[in-house]
Amino acid sequence: MSLSIHFLRTILLFLAISILVGPALAQVENVRVVGDGEVTRLTLWSQSPIEADVLLSNSTGARQVLVAFDGGSASTTGPQRDVSLATGVAGYGWQDGFLAFTLARPMMVSRKLELPPAGDEPRHRIIIDLAAVSEARFSHAVARAERTVSERLASQRRTPQPQLASVDMAPAGREVVLEPAPRPGEYLVVIDPGHGGKDPGAVSSSGLREKDVVLSASLVLRDMLEDSGRYRVRMTRSDDRFIELGDRVSLAREWGADLFISIHADAARNSDVAGASVYTISERGEGRIDRESERNNWDIEVEDGVSEEVSGILETLTIRETKTNSGLFAELLLPELADAGPVLRNTHRKAGFYVLLAPDVPAVLLEMGFLTNLEDAERLSDPEGREASMEAVASAIDGYFDRQDRVFASN
């Protein structure tokens, strides 16, 4: 298990404790924005505990991240403050009871932490990590949040909110870009070639079997990652054998995977359907996680000595964080796949596939293409075609862990 996972558990424990304390009146004393527009961190400081929701909006015609506070001690007044565009944030200020951060590009919240005083930091903090996404994904998220923003806006107008007392901005050129910290060999990637043994999977008109195609591609990806010297790699199968779905997930968890990638090739009744796609867990699939976790003893490790209530909160937060990271990796993978070959419309899809059910391992299922389509089948039967697809996956993996490195380097 990587150091990042241990760090996450500690942070989640602090967050769980702060949730149990309940909302309190507070005043935002300082705000800092650091990042490079790909990964950006917003930090808010207060002498008292702060609780807040984070919402996305473009109601003013500009992309915004809105921080909606639970409780407050002063009116929401204060000038707009500009930020270096290199951070991905153009500026921030109070707006209708929200602390509104105007974005320079489409971004979504990848993590929000509410931290009590710790170590040399005597104040309470809210940390909000942002990650760059496509315009389409941002617009979809805004549409889903529109009703929540309206409801919170009505509530904000009835409740005094924290004011911004002062600002501690990152000096230009010193903390604007978060450099990745090298972590050679720390991250463990588990590759899961689909099907195998008695289960051939999809079969092309020429007799090409999915189990063979995905194994060949997975071995190529394994070699790429190992040759980079940056990752440890495990495979659920490295030959033609059948592995139960539950065992694939259990192996990834037992090995302490930081990322799980299940590789497949699709089939369709319509032979014209072609292109790659990526799946992450659907809402319906999330409903299976608790059931399958209990059945397979997929226990989430939490801190010793905490109450049952805190333990439950930690487990819930871990599942949410896992889902968020799965989505982030999928978002990074999509443009890489599009550069490597054809992709389906609405390439990022949601499903309840069993291999996506691990409660604490970010996971995606990649369909490299359709064996029922002549062009896709030819591309996937060609070693160069498979290599192009796996280069796309390897590049996305690098991008994903680059982001992880930047986030943890800033702590």
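Right above here is the structure, for reference.
Residues numbered from 1 in each chain as written. Predicted model: local features only at pLDDT ≥ 70, side-chain atom pairs only at ≥ 80, totals over all residues. Heavy atoms only, no water.

**Some points on the overall build of the chain**
For the chain, the helix and strand inventory stands at eight helices and 15 strands. Burial analysis of the chain (411 residues in total) assigns 54% to the buried set. Within the chain, contacts between residues at least 6 apart in sequence are counted, and of these 77% link residues at least 24 apart. Within the structure as shown, the chain displays about 18,000 Å² of accessible surface, and the carbon and sulfur contribution to it stands at 48%. (Helix = DSSP H or I, 4+ residues; strand = E, 2+ residues; numbered from the N terminus. Buried < 20%, exposed > 50% of the residue type's maximum accessible area, 1.4 Å probe, protein only. Contact = heavy atoms within 4.5 Å. Areas by Shrake-Rupley, 256 points an atom, 1.4 Å probe, with all protein chains shown as cover.)

**Here's the deal with the environment of Ala265**
Relative to the assigned elements, Ala265 resides in strand E12 (residues 259-266). For the pair Ala265 and Asp376, spaced 111 residues apart in sequence, the C-alpha to C-alpha distance is 9.4 Å. In this structure, Ala265 is in contact with Ala202, Glu210, Val214, Glu367, Met368, Gly369, Leu371 and Leu380, ignoring residues within four places of it in sequence.

**Remarks on the sheet that holds E12**
What the six strands build is an open sheet, ordered E11-E10-E12-E15-E13-E14; its pairing is mixed. Taken across any chain shown, the strands that pair with only one partner, and hence form the sheet edges, are strand E11 (231-235) and strand E14 (343-351). Geometrically, the sheet is characterised by an average inter-axis angle of 20° between neighbouring strands, direction not taken into account. Running over the sheet, helix H7 (residues 374-381) touches E12 and strand E15 (363-370) and is turned about 110° from E15. (Pairing = 2+ DSSP bridges. Axes fitted to C-alpha atoms, helices over the stretch in contact; angles between N-to-C directions.)

**Considering the nonpolar core**
Inside soluble globular proteins, nonpolar side chains tend to come together where they are buried. By size, the foremost hydrophobic cluster in this structure holds 38 residues, and its most contacted members are Leu225, Ile261, Phe329, Met368 and Ile397. Elements with a minimum of two residues in this core: strand E10 (187-193), helix H3 (210-228), E11, E12, strand E13 (276-281), helix H6 (308-340), E15 and helix H8 (383-409). With eight residues, H8 is the single largest residue contributor to this core. In this structure Met368 touches Val213, Val214, Ala217, Ile263, His264, Ala265, Gly275, Ala276, Arg379, Leu380 and Met390, once residues within four positions along its chain are discounted. (Core = buried A, V, L, I, M, F, W, Y, C linked by side-chain atoms within 4.5 Å.)

**A closer look at the pairing of E10**
When you tally the buried positions in E10, you get seven out of seven residues, the bulk of the element. Of the two faces of E10, the one holding Tyr187, Val189, Ile191 and Pro193 and the one holding Leu188, Val190 and Asp192 are both buried throughout. In the classification by handedness, the crossover that spans E10, the intervening H3 and the parallel E11 is right-handed. By the bridge criterion, five bridges tie E10 to E12 in an arrangement that is parallel. Each residue of the ladder has a partner; that of Asp192, found in E12, is Ser262. (Right-handed = clockwise from strand over helix to strand, strands pointing away.)

**So, the sheet that holds strand E8 (residues 107-115)**
Spatial ordering of the open sheet is given by E1-E2-E9-E8, a layout of four strands whose pairing is antiparallel. For this open sheet the edge positions go to strand E1 (30-35) and E8, each flanked by a neighbour on one side alone. On average, each strand axis in the sheet is tilted by 15° relative to the strand beside it, whichever way the strands run. The pairing of E8 with strand E9 (residues 124-132) spans eight bridges and is classified as antiparallel.

**What about the packing of aromatic side chains?**
Counted under the stated rule, the structure contains seven aromatic pairs. Aromatic side chains Tyr231 and Phe401 sit 5.6 Å apart centroid to centroid with 50° between the ring planes, which places their arrangement in the tilted category. Note that Tyr231 is positioned in strand E11 and Phe401 in helix H8, a separation of 170 residues in sequence. Phe401 carries the same exposure label as Tyr231, and that label is buried. With a centroid separation of 4.9 Å and 75° between ring planes, the pair formed by Tyr400 and Phe401 is classed as edge-to-face. The exposure class assigned to Tyr400 is buried, which follows from its relative accessible area of 2%. Classification of Phe401 as buried rests on a relative accessible area of 1%. (Phe/Tyr/Trp six-rings, centres within 6.5 Å; stacked < 30°, edge-to-face > 60°.)

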